[in-house]
Amino acid sequence: QVQLVESGGGLVQPGGSLRLSCAPSRSISSIDAMGWYRQAPGKERELVALIRTGGFININYADSVKGRFIISRDNAKNTVYLQMNSLKPEDTAIYYCYARTPFVSWGQGTQVTVSS
């Protein structure tokens, strides 16, 4: 399995921005896919964004975040980022980093709270 270290959560006002980071314990180029899921209280965990980190780049977003969130990777820093813009209260959740090697690994989760 891959160890995933997340950072970047916090409290932000509606319309604000946050950037989440996820650093895996092995090279990104050796991981099939990485991304972010989130889980709000009383709801199931859902996919937010996914990026294929293998030979070709393929990115998927949940419909609810398209046009607001951007997932990217920095091979030099061995880190995947989730830039979250125009945040809404309904984006409040614990965000989990995800990696597939093809075995699935999860980060510890980071809280994102959007509130005035």
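Attention here is on the structure that accompanies the text. (Residues numbered from 1 in each chain as written. Predicted model: local features only at pLDDT ≥ 70, side-chain atom pairs only at ≥ 80, totals over all residues. Heavy atoms only, no water.)

With that settled, consider the nonpolar core. By size, the foremost hydrophobic cluster in this structure holds 28 residues, and its most contacted members are Met34, Trp36, Val48, Phe69, Leu82, Met84 and Tyr95. Among the elements of the structure, β3 (18–24), β4 (33–39), β5 (46–52), β7 (69–74), β8 (79–84), β9 (93–100) and β11 (110–114) are those that each provide at least two residues to this core. Counting residues per element, this core draws most heavily on β9, which supplies four residues. Here Met84 is in contact with Gly16, Ser17, Leu18, Leu20, Arg68, Phe69, Tyr95 and Val112, once residues within four sequence places are set aside. (Core = buried A, V, L, I, M, F, W, Y, C linked by side-chain atoms within 4.5 Å. Buried < 20%, exposed > 50% of the residue type's maximum accessible area, 1.4 Å probe, protein only. Helix = DSSP H or I, 4+ residues; strand = E, 2+ residues; numbered from the N terminus. Contact = heavy atoms within 4.5 Å.)

What follows concerns the sheet that holds β3. Across the sheet, which stays open at both edges, the four strands sit in the order β1-β3-β8-β7 with antiparallel pairing between neighbours. Strands with a single pairing partner mark the edges of an open sheet, and in this sheet they are β1 (4–7) and β7. Neighbour to neighbour, the strand axes of the sheet diverge by 15 degrees on average, direction disregarded. Relative to β8, β3 is paired through five bridges, and the arrangement is antiparallel. Considered in β8, the bridge of Leu18 is made with Met84. (Pairing = 2+ DSSP bridges. Axes fitted to C-alpha atoms, helices over the stretch in contact; angles between N-to-C directions.)

Take the environment of Val48 next. Summarising the element assignment, Val48 is placed in strand β5. For the pair Val48 and Tyr95, spaced 47 residues apart in sequence, the C-alpha separation works out to 8.8 Å.

Next up on the list: unusual backbone geometry. Cis peptide bonds are those with omega within 30 degrees of zero, and the linkage from Thr101 to Pro102 qualifies with 25 degrees. Here Pro102 is to be found in the loop between β9 and β10 (104–106). Look at Asn78: it is not a glycine, yet its phi comes out positive at around 50 degrees. Structurally, the position occupied by Asn78 is in the loop between β7 and β8. Even without glycine at this site, Ser86 takes up a positive phi of about 50 degrees. Of the residues examined, Ser86 reaches a relative accessible area of 41% and is grouped as partly exposed.

Bringing the packing of aromatic side chains into the picture now. Taken as a whole and judged by the stated rule, the model has three aromatic pairs. Centroid distance Tyr37 to Tyr98: 5.2 Å. Interplanar angle 45 degrees. Geometry classified as tilted. One end of the pair, Tyr37, is in strand β4; the other, Tyr98, is in strand β9, and 61 residues separate them in sequence. There is no split in this pair, since Tyr37 and Tyr98 are both buried. Between Tyr98 and Trp106, the ring centres sit 5.4 Å apart and the planes meet at 65 degrees, which makes this aromatic pair edge-to-face. (Phe/Tyr/Trp six-rings, centres within 6.5 Å; stacked < 30°, edge-to-face > 60°.)

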